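Structural overview for review
Listed below are the residues making up each chain.
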Amino acid sequence: MSNGFPESQAKMDEQCVNTIRALSIDAIQQANSGHPGAPMGLAPAAYVLWTRFLKHNPKKPGWSDRDRFILSGGHASMLLYSMLHLTGYDVSLDDIKNFRQWGSKTPGHPEFGNTPGVETTTGPLGQGFANGVGMAMAECHLAACFNRPGHEIVDHYTYVMCGDGDMMEGISSEAASLAGHLGLGKLICLYDDNQISIEGSTNITFTEDVGLRFKAYNWHVAVVEDGNDLNEIYKAIESAKAETERPTLIMLNTHIAYGSPNKQDSADAHGAPLGEEEVRLTKKNLGCPEEECFFVPEDSIDACKACLETGSSAESLWQEKFEAYRKAFPELAEQFTDAIKGTLKEGWDAELPDFSKMEGPIATRAASGKVLNALAEKLQPLMGGSADLAPSNKTVIESSHDFQKNAYTGRNIRFGVREHAMGAILSGMALHRGIRPYGATFLVFVNYMQPAVRLAALMKLPVTYVFTHDSIAVGEDGPTHQPVEHLANLRSIPNLTVIRPADATETSEAWKMAIKNVSGPVALILSRQKLPILDRAKYSPADELANGAYILADSEGKPDIILIGTGAETHLALEAKETLGKKGISARVVSMPSWELFEETSQEYKDKVLPPDVSARLGVEAAIPMGWKRYVGDKGDIVGMTGFGASAPGGVMLEKFGFTAENVVQKAMALLK
């Protein structure tokens, strides 16, 4: 045997590799849509990795100690689907034939939760790479927290396969830099260095030395000169596994559309089917049956499905190890199981601060910090950090140290000024399981990480975002730091729950909702400025935040007008109610911290809070009014922003842009004329 590939088996290995190529081009041709080039070039590397290295059990894709495989260049999805089918996952040949069709298990780009064995949704380039960094960080943390000498229950690798497009995206640079700093030795990236992009050769735009760049990031770099040489690929992965102090980049010199006589090494093969005649010629060139589509030789299936036996054995061995671990460390075993399952033990929220007994005012970002630290005492899986703004975001877990190289038990992650990578890393940690991740920055910088937020929402991941400095009240930093369109932007993302609490008591409830929500991410929108703590003996209880909107202060009888506030502006509505009352106008104040939660309630509840027969409604929010018509109606109005802010002290800003109780009163009275 030479490096895991006996020469006597060379023909079978070649046949398996070419079967992967043929399956991929057949599916793409039948769909008349897709990307054949990358699967054809990467088939040898995928074959080596999946059949010789990847620790996985196709019959139990969710086994916790499996290796993770991420196809960051998600456009090459047929490579992944071919491997899943051939190695015994629940992806049938009919599923392959239905590539990119309605309701199939084989969508155009891999989608988490749709296809067994797909670890994350990929397609937007660079996202999968950063997800992989998050998964590797989760593995390091859980291993450091739970492993004991002779009892290594967390011991797996994260493999990422990416291409030139991933390497061009800035998120990959951010994530690679952090991964190298942290010394993530169990992160291995196979880079498809085929030097072709959609527009042609990469030399029209991408001429840097990628290997030197990654060496500067403190990565181990290996080069495979011939991406078709299975032994060389094998040796490169072995060398990567032997490197324990640094992540590894394996640069594979491949040929896009390998085997295609007319389109190999051409951009034409990147994102379009080869064409029926070229498919026939390619199969002939590769030694595959020319006229038969979706042909999979029985002996190729047998060779690849050896993964079923080795995977089952690997998992059984782990189960035995875990049972021994459970006997030796019963409390740790229970904690590990709860962490992986995401179990919330009774009393997890019992020690939250009682803000009703505190004297205000307090900024909701500061209240959030107190709640976070109380939660962290009860929820060990809670882990996260900030994009270099932790002192401002109030996101440090005070009872823990930093997550750093050789200090992986730490729960405070220092992401650095890397918002985009932070967002995707949080998703990777959530996908890995065992971690309840959170990440923070100023609300205005959500734009830097929105692609990752969107994908977290698409995958319905339980990630918590802490976005502070939520309005023009940021003040002197000026319009560059004052979010105005960001709330509307976030509210437009399906599956994302946005919560903008009015005070400390609502902030506590907001965090509880975030932790309990396991069906999607939650964005907490928090103030920089101090806000009064609402007297809950006078006003409705804060736990009504769970409904998204609730009657905070009501009128006697039917109200003349409804004032609807979010966040800091809810206090303006309360002040305006008092003034209006003195003028003989009865007003109801509705606190509406979350549109998404409100939409989940019954129509009966919605009509109770916002009676249809009260058309005089005024929304108050220091952001653009987009979307507010849904709640104020055609006869209502909004006190909001119609442009960008300016540079001045926060109080001056609010006054100049009309966020005063006096202006709210004037707007309300105008509606009643």
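Going by what an unreviewed UniProt entry lists, the protein is known as Transketolase and is assigned to Desulfonema magnum. Of the protein, the UniProt comment under Subunit (unreviewed entry) reads exactly: "Homodimer." Looking at the protein in UniProt, the text filed under Function (unreviewed entry) is "Catalyzes the transfer of a two-carbon ketol group from a ketose donor to an aldose acceptor, via a covalent intermediate with the cofactor thiamine pyrophosphate."

A closer look at the overall build of the protein
Scanning the protein from N- to C-terminus turns up 25 helices and 20 strands. Relative to the 2.2 N^0.38 estimate, which gives 26 Å for 673 residues, the radius of gyration of the protein is 28 Å and therefore close to what a compact globule would have. Each principal axis of the C-alpha distribution contributes one length, and for the protein these read about 95 × 60 × 45 Å. A buried classification covers 61% of the 673 residues belonging to the protein.

Notes on the packing of aromatic side chains
For the structure on display, the rule yields 24 aromatic pairs. Note on Trp 595 and Tyr 631: the rings are 5.2 Å apart at their centroids and 70 degrees apart in plane angle, and the pair reads as edge-to-face. A residue pair is termed long-range when its members are at least 10 positions apart, and Trp 595 in helix H21 (residues 595–599) and Tyr 631 in helix H23 (residues 629–632) qualify at 36 residues. Note on Trp 595: relative accessible area 5%, which makes it buried. Arranged with centres 6.3 Å apart and planes meeting at 65 degrees, the rings of Phe 598 and Tyr 605 form a pair that is edge-to-face.

Digging into the UniProt feature "binding site: thiamine diphosphate" (unreviewed entry) in the protein
Using the residue numbers shown here, the UniProt feature "binding site: thiamine diphosphate" (unreviewed entry) corresponds to His 75, Gly 123, Pro 124, Leu 125, Gly 165, Asn 194, His 270 and Phe 445. On the basis of their most widely separated C-alpha atoms, the annotated residues across 371 residues do not gather in one place, lying as much as 34.4 Å apart. Its location among the elements puts Leu 125 in the loop between helix H4 (93–97) and helix H5 (127–146). Look at Leu 125 and you get partly exposed, because its relative accessible area is 26%. Excluding residues within four positions of it along the chain, Leu 125 makes contact with Ser 72, Gly 73, His 75, Gly 165, Asp 166, Glu 169 and Ile 171. Within the secondary structure, Phe 445 is located in the loop between strand E11 (436–442) and helix H17 (446–459). Looking at Phe 445, the relative accessible area reads 16%, which means it is buried. Once residues within four sequence positions are removed from consideration, Phe 445 is found in contact with Leu 389, Glu 419 and His 481.

Observations concerning the pattern of salt bridges
Counted according to the given criterion, the structure contains 27 salt bridges. The salt bridge partner of Glu 334 is Lys 345, with a shortest N-O separation of 2.8 Å. Placement of the pair is Glu 334 in helix H13 (residues 330–341) and Lys 345 in the loop between H13 and strand E8 (362–363), with a sequence separation of eleven residues. Assessed through its relative accessible area of 42%, Glu 334 is described here as partly exposed. Since its relative accessible area comes to 42%, Lys 345 is described here as partly exposed. Between Arg 630 and Glu 599 there is a salt bridge, and its shortest N-O distance comes to 3.8 Å. Note that Arg 630 is positioned in helix H23 and Glu 599 in helix H21, a separation of 31 residues in sequence. Linked by salt bridges that have partners in common, Glu 139, Asp 155 and Lys 186 make up one network.

Quick look at the nonpolar core
With 79 residues, the main nonpolar core has Phe 129, Met 167, Phe 214, Trp 219, Leu 249 and Tyr 465 as its most contacted residues. Top element by residues in this core is H5. It accounts for eleven residues. In contact with Phe 129, not counting residues within four places along its chain, are Ser 72, Val 160, Cys 162, Met 167, Ser 172, Ala 175, Ala 176, Cys 189, Phe 214 and Trp 219. Core analysis: the second largest hydrophobic core is formed by 53 residues, Met 78, Tyr 81, Tyr 234 and Ala 240 among them.

Here's the deal with the environment of Arg 280
Inspection of the secondary structure puts Arg 280 in helix H10 (residues 276–286). When the C-alpha atoms of Arg 280 and Cys 293 are compared, they prove to be 9.6 Å apart, with 13 residues separating the residues in sequence. Arg 280 has contacts with Glu 290 and Glu 291, leaving out every residue within four places of it along the chain.

Thoughts on unusual backbone geometry
The residue after Gly 360, namely Pro 361, is reached through a cis peptide bond having omega -5 degrees. Residue placement: Pro 361 occurs in the loop between H13 and E8.

Thoughts on the pairing of strand E18 (residues 587–591)
With respect to burial, E18 is a largely interior element, five of its five residues being buried. Along E18, one buried face is formed by Ala 587, Val 589 and Ser 591 and the opposite face, lined by Arg 588 and Val 590, is buried too. As paired elements, strand E16 (residues 550–553) and E18 share three bridges and run antiparallel to each other. If you follow Ala 553 over to E18, its bridge partner there is Val 589. Pairing between strand E17 (residues 561–565) and E18: five bridges, direction parallel. Note on E18: the bridge partner recorded for Ile 561 is Ala 587. In this fold, the crossover linking E17 to E18 by way of helix H20 (residues 569–582) has right-handed handedness.

Some thoughts on the packing of helix H1 (residues 10–31) against helix H3 (residues 77–86)
Running from N to C, H1 and H3 cross one another at 120 degrees; their axes reach a closest spacing of 9 Å. Classified by the angle their axes make, H1 and H3 are oblique. Like other packed secondary-structure pairs, H1 and H3 cross with a definite hand, here right-handed. When H1 is examined against H3, the residues Thr 19, Ile 20, Leu 23, Ser 24, Ala 27 and Ile 28 are found in contact with a partner set consisting of Met 78, Leu 79, Ser 82, Met 83, His 85 and Leu 86.

Observations regarding the UniProt feature "binding site: Mg(2+)" (unreviewed entry) in the protein
The residues that UniProt annotates with the feature "binding site: Mg(2+)" (unreviewed entry) are Asp 164, Asn 194 and Ile 196. With the annotated positions falling across 33 residues, the maximum pairwise C-alpha distance of 7.5 Å places them together in a single cluster. Here Asp 164 shows up in helix H6 (residues 164–168). What Asp 164 contacts, discounting residues up to four positions off in sequence, is Tyr 191, Asp 192, Asp 193, Asn 194, Gln 195, Ile 196, Thr 202 and Phe 206.

Quick notes on the rules
Residues numbered from 1 in each chain as written. Predicted model: local features only at pLDDT ≥ 70, side-chain atom pairs only at ≥ 80, totals over all residues. Heavy atoms only, no water. UniProt positions renumbered as here; feature names shortened; annotations may be inferred. Helix = DSSP H or I, 4+ residues; strand = E, 2+ residues; numbered from the N terminus. Rg over C-alpha atoms; globule rule 2.2 N^0.38 Å. Buried < 20%, exposed > 50% of the residue type's maximum accessible area, 1.4 Å probe, protein only. Phe/Tyr/Trp six-rings, centres within 6.5 Å; stacked < 30°, edge-to-face > 60°. Contact = heavy atoms within 4.5 Å. Salt bridge = Lys/Arg side-chain N within 4 Å of Asp/Glu carboxyl O. Core = buried A, V, L, I, M, F, W, Y, C linked by side-chain atoms within 4.5 Å. Pairing = 2+ DSSP bridges. Right-handed = clockwise from strand over helix to strand, strands pointing away. Axes fitted to C-alpha atoms, helices over the stretch in contact; angles between N-to-C directions. Parallel < 35°, antiparallel > 145°, perpendicular 65-115°, else oblique. Left-handed = near helix turned anticlockwise from the far one by under 90°.

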